[in-house]
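The lines below spell out each chain.
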Amino acid sequence: MINQIFRRLIPKWISLIKFRNIPFNNQHKLFFSSPLPTVGAFVTGLCLSLLFAACSSTPTVNVPNPSATSVANSASSKVVRFGYQKSTILLRTKGVLEKRLAPEGITVKWTEFQAGPQLLEAMNVGSIDIGPVGESPPIFAQAAGTSLTYVIGTAATPASSAILVPQNSQIQKVTDLKGKRVAFQKGSSAHLLLVQALEKAGLKYTDIEPKYLAPADARAAFVKGSVDAWVIWDPFYAAAQEATKARVLIDGTGINKQGGYYLMTRKFVTENTQTVKAIVEEIKNLEEWSKQNREEVAKTLAPVLGIDLETMKKATNRRTFGIVPIDDNLINLQQGVADTYYKLKLIPKQINVKDAMLTKEEYAAFSPKT
């Protein structure tokens, strides 16, 4: 009987190894180069053990394995993968999320992006769970089929973005941009500011020559004179003012009426309600603290961003801090942005922003009172 079992098991065991693509290292070679009696002795012992176990009438008791328990605990501990930009680096710098989530066994992994579109590309491929962006990136991302969910809004801060021109430029007003090369990040809040500024001045989007460049590349082009104007936000805006003596043609004051958003993947927000609640609370607390401690914010960020303190103070003082709940008013504003981009044929299809929103009951589960 044992010989029969032996004959059945050896081919299956070898097939299993081949199926799992287990590499034949020196140990495997040693095993398979051993005399057959040695192999037979090993398998015979194995078969006897299995045979006696099968014949035993005593039920098997599942005894907890300490190492298995530890693996299970490790698997259940979560990592929040957080995307951020230089404009929102304070959240990482202060470390408030780590302090809040650590007692729950949750860690935070941070990844920096130059702008919102790149951040949402990463969210689309599953590299991050959450991140803050302006009002425009989610429109372009949703039109491209990205699965995302609006979690909370941030206060409008119109003075923090501007259209810059070189100090000695002959461009004196927005209408002078006609036929000019304008650099900006496509699908960003800067894109919307440019569209709105042109419309207010009576120009069409087709009246300018857009140069779609990420902030670092746009700055290089601006300094080199490869473009005539640059639309950008803080802290890049403040740094460019200081380093290049750029002149502000117009900022978002009186034009920009909404801020940005924190977005998450729908899977993350629906499966981690308590974690989302904790994250949103800490964002709210930091925004409130920043509002009352602007000088401290500037002192904290200046060395991190490599910007001198006075320039950082300028950027901090023109920023509006605070969060905004996702309500009908905000949804309507965001839908207006989507409709504008579709009308200009900048997105391939018309979208309904409500498709990326949660229900009022779902928002109530984690949104703090403002």
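We now turn to the structure provided with this report. All figures in this text were calculated on a predicted structure; none of them were measured in a lab.

Analysis parameters
Residues numbered from 1 in each chain as written. Predicted model: local features only at pLDDT ≥ 70, side-chain atom pairs only at ≥ 80, totals over all residues. Heavy atoms only, no water. Helix = DSSP H or I, 4+ residues; strand = E, 2+ residues; numbered from the N terminus. Contact = heavy atoms within 4.5 Å. Areas by Shrake-Rupley, 256 points an atom, 1.4 Å probe, with all protein chains shown as cover. Pairing = 2+ DSSP bridges. Right-handed = clockwise from strand over helix to strand, strands pointing away. Expected span 1.5 Å × (residues − 1). Buried < 20%, exposed > 50% of the residue type's maximum accessible area, 1.4 Å probe, protein only. Polar contact = N/O pair within 3.5 Å; in protein donor to acceptor, adjacent residues only side chain to side chain. Axes fitted to C-alpha atoms, helices over the stretch in contact; angles between N-to-C directions. Core = buried A, V, L, I, M, F, W, Y, C linked by side-chain atoms within 4.5 Å. Parallel < 35°, antiparallel > 145°, perpendicular 65-115°, else oblique. Nonpolar A, V, L, I, M, F, W, Y, C, P; charged D, E, K, R; others polar.

### Quick look at the overall build of the protein
For the protein, the count of helices and strands is 17 helices and 11 strands. Considering only residue pairs separated by 6 or more positions, the protein has 78% of its internal contacts joining residues 24 or more positions apart. Accessible surface for the protein amounts to roughly 19500 Å². Of this, 54% is attributable to carbon and sulfur atoms.

### Some remarks on the pairing of strand β6 (residues 181–184)
Pairing analysis gives four bridges linking β6 to strand β7 (residues 209–212), with the strands arranged parallel. Its bridge partner lying in β7, A183 is registered against K211. Taking the sense of rotation as the criterion, the β-α-β connection linking β6, helix α9 (residues 189–200) and β7 turns out right-handed. Sheet topology places β6 next to strand β8 (residues 229–233); two bridges connect them, and they run parallel. Within the sheet, the bridge partner assigned to A183 lies in β8 and is W230.

### Structural notes on α9
Taking 1.5 Å of rise per residue, the 12 residues of α9 would be expected to cover 16 Å, and the 16 Å separating its terminal C-alpha atoms lies within 8% of that figure. Within α9, nine of the 12 residues are buried, which leaves it mostly tucked inside the rest of the structure. Here α9 has its buried residues at S189, A190, H191, L192, L193, L194, V195, A197 and L198. In this structure S188 caps α9, since a side-chain oxygen of it lies 3.2 Å from the backbone nitrogen of A190.

### Regarding the sheet that holds strand β9 (residues 247–251)
Reading across the sheet, the five strands line up as β7-β6-β8-β5-β9 and stay open at both edges, with mixed pairing between neighbours. Looking at the sheet topology across the chains shown, the edges are occupied by β7 and β9. For this sheet, the mean inter-axis angle between neighbouring strands, taken without regard to orientation, is 30°. Two elements, strand β5 (residues 161–165) and β9, share four bridges in a ladder whose sense is antiparallel.

### Overview of the nonpolar core
One finds F82, Y150 and L177 to be the most contacted residues of the largest nonpolar core, which totals 102 residues. Top contributing element to this core by residue count: α9, with seven residues. Not counting residues within four places of it along the chain, the set of residues in contact with L177 comprises I163, I171, V182, L198, D207, I208, A229 and L249.

### Focus on the packing of helix α13 (residues 273–292) against helix α14 (residues 294–305)
Angle between the axes and distance between the axes: these two values describe a pair of packed helices. The contact between α13 and α14 brings their axes to 5 Å, and the two run at 105°. Taken together, the axes of α13 and α14 are roughly perpendicular relative to one another. Packed against α13, whose contacting residues are W289, S290, K291 and Q292, the element α14 presents R294, E296 and V297 at the interface. Classifying every residue of the contact of α13 with α14 gives two nonpolar, two polar and three charged.

### A short note on helix α7 (residues 116–124)
All of the buried residues in α7 are G116, P117, L119, L120, A122 and M123. For α7, the secondary structure elements touched by its buried residues are β1 (79–84), β3 (130–133), α8 (137–143) and β10 (261–264). A positive phi of about 85° marks G126, the residue just after α7.

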